[in-house]
Amino acid sequence: MDLGVGRVERTETCGTLTFPDEVDLSNGEAVLAQAVRLLDAGTPALILDLTGCTFCDSNGLNVITRSQMRATELGVPMWVVLPPRGIVRRVSEVAGLQRRVAIAPDVATAREALSASAGA
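My aim in this report is to walk through the structure given alongside it, one point at a time. Quick caveat, the model's predicted, so the values are computed rather than measured. (Residues numbered from 1 in each chain as written. Predicted model: local features only at pLDDT ≥ 70, side-chain atom pairs only at ≥ 80, totals over all residues. Heavy atoms only, no water.)

Packing of helix 1 (residues 28-40) against helix 2 (residues 58-74) brings their axes to within 9 Å, and their N-to-C directions diverge by 15°. Here helix 2 runs roughly parallel to helix 1, going by the angle between their axes. Two packed elements cross with a definite hand, and for helix 1 against helix 2 that hand is right-handed. For the pair helix 1 and helix 2, the contacting residues are Gly28, Glu29, Val31, Leu32, Ala35, Leu39 and Asp40 in the first and Asn59, Asn62, Val63, Arg66, Ser67, Arg70, Ala71 and Leu74 in the second. Looking at the contact of helix 1 with helix 2 residue by residue, the class counts come to seven nonpolar, four polar and four charged. (Axes fitted to C-alpha atoms, helices over the stretch in contact; angles between N-to-C directions. Helix = DSSP H or I, 4+ residues; strand = E, 2+ residues; numbered from the N terminus. Parallel < 35°, antiparallel > 145°, perpendicular 65-115°, else oblique. Left-handed = near helix turned anticlockwise from the far one by under 90°. Contact = heavy atoms within 4.5 Å. Nonpolar A, V, L, I, M, F, W, Y, C, P; charged D, E, K, R; others polar.)

Moving on, we come to the layout of surface pockets. Here the largest pocket defines a volume of roughly 150 Å³. In this structure, the largest pocket is lined by Glu12, Thr13, Cys14, Pro44, Ala45, Pro77, Arg111, Leu114, Ser115, Ser117 and Ala118. Considered class by class, the residues forming the lining of the largest pocket number six nonpolar, three polar and two charged. (1 Å grid on protein atoms, 1.4 Å probe; cavity = no way out; pocket = protein on both sides within 12 Å on 5 of 7 lines; lining within 4 Å. Points joined across faces, edges and corners; volume = space filled by probe spheres on them.)

With burial as the criterion, each face of strand 4 (residues 46-49) is covered, one bearing Leu46 and Leu48 and the other bearing Ile47 and Asp49. Pairing between strand 2 (residues 15-18) and strand 4: four bridges, direction parallel. Across the sheet, residue Thr16 finds its bridge partner in strand 4, namely Ile47. Looking at chain direction, strand 4 and strand 6 (residues 78-81) are connected through four bridges and run parallel. Within the sheet, the bridge partner assigned to Leu48 lies in strand 6 and is Val80. (Buried < 20%, exposed > 50% of the residue type's maximum accessible area, 1.4 Å probe, protein only. Pairing = 2+ DSSP bridges.)

Attention shifts here to the sheet that holds strand 4. In spatial order, the strands read 1-2-4-6-7; together these five strands make up an open sheet with mixed pairing. Two strands close off the open sheet at either side, each with one partner strand: strand 1 (7-10) and strand 7 (102-104). Strand-to-strand twist of the sheet, defined as the mean angle between neighbouring strand axes without regard to direction, takes the value 20°. Strands in contact with helix 1 are strand 1, strand 2 and strand 4; relative to strand 2, the strand with the most contacts, it is inclined by about 175°.

Time to look at the environment of Arg100. Turning to its location among the elements, Arg100 is positioned in the loop between helix 3 (87-94) and strand 7. For the pair Arg100 and Asp57, spaced 43 residues apart in sequence, the C-alpha separation works out to 17 Å. For Arg100, the contacting residues outside a window of four places in its chain are Gln68 and Ala95. A distance of 3.1 Å separates the side chain of Arg100 from the backbone oxygen of Ala95, its partner in a polar contact. (Polar contact = N/O pair within 3.5 Å; in protein donor to acceptor, adjacent residues only side chain to side chain.)

Printed below as a string of structure tokens:
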């Protein structure tokens with residue numbers, strides 16, 4: 001179980017932040033700091049991968065929203081990958097996350113969408 005701050009992967013075309021198993025008050029700010037570091041370091045695109053996240057309260061939604069705000073400020077496209085079902089998906093739907101950020105079913109789809117938009 002990963003209760004830390006997640007895992008970061010960088011390529012030439014994007015940075016991916018894989019969320020830890022749980023995001024709450026204990027680690028939300030640290031997860032957000034990682035996302036902002038990726039953005040401020042000049043990543044050309046950002047993917048927030050929540051597929052392995054089993055619990056996400058308002059702190060997790062705050063990470064996503066604030067990351068999107070920073071990405072928008074920098075002109076960086078961002079995609080969020082949600083698990084297909086479960087509490088994280090449900091909380092995201094209830095909060096209307098899909099109206100504010102681009103949602104993908106998996107990281108591969110998010111990367112394809114980013115590649116397509118970069119070539120457009």
